[in-house]
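# Report on the structure
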Amino acid sequence: MAINTLFHSVLTQRAAIQLMSVTCILLFLVTVFSIKLQTPESLPNSQLTVLTDTEQQYKINTLPDANSQQWKAVDDFELGLPMSDTPHWVSFTIPNLRSNEHWLLELNNGLIDHISVWFIEEGELLDHYQTGDTLPFSYRSMPYETFLFSIPKFDQNLRVVMRLSSDGTLQVPINLWAESAFLVFNGEHSILIGLFFGILFAMGISNLFFFVISRQPVFLLYAGYVFSFALLLAAMQGIGYKYIWSDSPWMQKNSVSIWANATVFYAIVFTNILLDIKSVSPRLHKILNALAILFALSLIAGLFIPKSWFLEPFLFALCGISLFIYAVGIWCWYKQVHLARFYTLAWTSLLVSSLIACLDHLNVLTLSISSNYLLMLGVIIETFLLALMLALSVNHQRRQLYRAQREALRKERDMRAVQDEVLEQQNNAQEELEYSVQERTLELEIALRELSEINRELEEKNTLDALTGIRNRRYFDKKYLAEVRRSRRERTELVVAMIDIDHFKRVNDEHGHLVGDECIKFVAERLKKALKRPSDDVCRYGGEEFSVILPSTDIKGAQDLLEQLRLDIQDTPVYSAGVVVNLTVSIGLASAIMDPQQSEDVLIGFADQLLYQAKNNGRNCIVAQQLPTSE
């Protein structure tokens, strides 16, 4: 009992945390759509050119002339270079800038291994920077997630020359910022990043807490998935290098590989356990286990294989496994697996954003915004939906556990009853002098029990109407008397309704008694279907007249219920023996809290009077009234 209470407390706290997470997510979405992020300045009169240094033969003073055909022009400043470790020289010109501003040059990619930047005016070197994520974070000219360089003051056009090399992709949007605009952008961007990682951190910590309390591995796997995904995005955006492993270039070099493989590993195992794939398809369960092992090995292999060899196959594999897991969710949905529908919806947002991000890094797509923002939005929606689904799963397991405990308790009671019976038989066997009498007595008790059961069955059959299968007048009289006494005792409101088929004699005269019987059965079925509570009863009172007993019901609720029934009968014709019969009913409905001084028959008599009043009012209507109190 204490464990159940504790677990229920955990679920209550989980619901509160989920509610708080929903609030944070809504705050994040409102912030995304309300903040108008500052945009960098454009360079309309500048041309970006690229020189691929395949043989690594050039230095800054041996580069070909800027007008040489060896330099290849690029359409815009969203630079996307092939995936290789070959150095690339980039050159462009910055025209005269506003002198009242301090200007910054940004390379919007925090994962470039080697960067050298020269600022040259009329052949004279004004400034030079050398950085990259192979150096500790403290070596950067400005402590920012991406690479920022201060543009020196110049009089004429300023030529910028950069040498870039990296083992992975060189997606390098080149931005020119006025310092005031960049400070505004950085503040708004920091709000989004703080909200995003705050939500993920809260999700991860809460699920670790639930794992410690409940010892269910699905919570630990989900926490691992959330933390791995958060660290992956932190690595991709340069935040991890800035705040977590700033003194470890080795970790920065391998962070994307480590956390991406860890994220996929946790996602596969989490899917396998949460959707209970093993019970649905043992073969698919083995495939998922093999894929999880494969990505665990990929995590280790990524530490030793050059990134230029490893990254492109991994990105294609990541696209493939995302589609495969999504297909598993759809397949489980088709197989009607519990929670598969929620799981598929959760993966939809993440799959779309992940595929777009992968295609962006593979240079298949060119986006106007950073794919990291799409990933953030997809991750936060998917994280919330998975957390909601996890809560539903735990609640489902709790209900199953409760049912299992209840079944075990029932079996235990049955076993104890059997043990008591055996013990009683043993005691009886020891009393030899009374054995014969006890045996005959037992036989007589069995016979009486069987006779009682037969009588009970006969009594049950005697309370059923042979034509309609509902209760008959005999049952109604007993039920009515019992409910009247309970109303007196408990001071609860009792409703009795008398229902009569309008112009039923005409139906018998025009179409015959067989059609009339079908009409009676039709009305009985509609009445029985309309009553939902076990305590409510409908009986055939006699001929075409029915009676309804509604204990603990106010007159307004009873009137609404029977009005729906009246409209249903009115709008539904009866088809029988090739003819169509349109029926209506008149209803008299009486309600009262029975008084001990009142006669037991007063309520049914009053309902009967209201029925005749309904017929006098033109039929096909309800007359409902509270029983007048006796003075």
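Scroll up for the structure.
Let me sum up the structure you'll find in this document. (Residues numbered from 1 in each chain as written. Predicted model: local features only at pLDDT ≥ 70, side-chain atom pairs only at ≥ 80, totals over all residues. Heavy atoms only, no water.)

## Notes on the nonpolar core
Of all hydrophobic cores here, the largest spans 58 residues; its most connected members are F196, F197, Y222, I268 and I321. Listed by contribution, the elements that provide at least two residues to this core are α2 (179-214), α3 (217-236), α4 (239-243), α5 (249-274), α7 (282-301), α8 (307-334), α9 (340-361) and α10 (371-430). In terms of residue count, the dominant contributor to this core is α3 (13 residues). The residues contacting F197, other than those within four sequence positions of it, are A230, L233, A234 and I239. Membership of the second largest hydrophobic core comes to 35 residues, among which are V117, I151, A181 and F182. (Core = buried A, V, L, I, M, F, W, Y, C linked by side-chain atoms within 4.5 Å. Buried < 20%, exposed > 50% of the residue type's maximum accessible area, 1.4 Å probe, protein only. Helix = DSSP H or I, 4+ residues; strand = E, 2+ residues; numbered from the N terminus. Contact = heavy atoms within 4.5 Å.)

## Overview of the packing of aromatic side chains
Enumeration according to the criterion identifies 13 aromatic pairs in this entry. With a centroid separation of 5.1 Å and an interplanar angle of 70°, the aromatic rings of Y144 and F182 are classed as edge-to-face. Of this pair, Y144 sits in the loop between β7 (124-131) and β8 (147-150) while F182 sits in helix α2, placing them 38 residues apart in sequence. Considered together, Y144 and F182 belong to a single accessibility category, that of buried residues. Taken together, a centroid distance of 5.8 Å and an interplanar angle of 20° make the contact between F476 and Y480 stacked. With F476 and Y480 both in helix α12 (residues 473-490) and four residues apart, the pair spans about one turn of that helix. With a relative accessible area of 2%, F476 lands in the buried category. By the ring-pair criterion, three or more aromatic residues cluster together here, those being Y144, W177, F182 and F185. (Phe/Tyr/Trp six-rings, centres within 6.5 Å; stacked < 30°, edge-to-face > 60°.)

## Examining the pattern of salt bridges
The final tally for this structure, using the stated rule, is 19 salt bridges. R488 serves as the salt-bridge partner of E600, at 3.7 Å between the closest nitrogen and oxygen. Here the residue E600 occupies a position in the loop between β16 (585-592) and α16 (602-616), and R488 occupies one in helix α12, the gap between them amounting to 112 residues. You can call R488 buried: its relative accessible area is 19%. Linking R533 and D536 is a salt bridge whose minimum nitrogen-to-oxygen distance equals 2.8 Å. Exposure remark for R533: the relative accessible area of 34% places this residue in the partly exposed category. Taken together, the shared-partner salt bridges connect K479, E483, R486 and D537 into one network. (Salt bridge = Lys/Arg side-chain N within 4 Å of Asp/Glu carboxyl O.)

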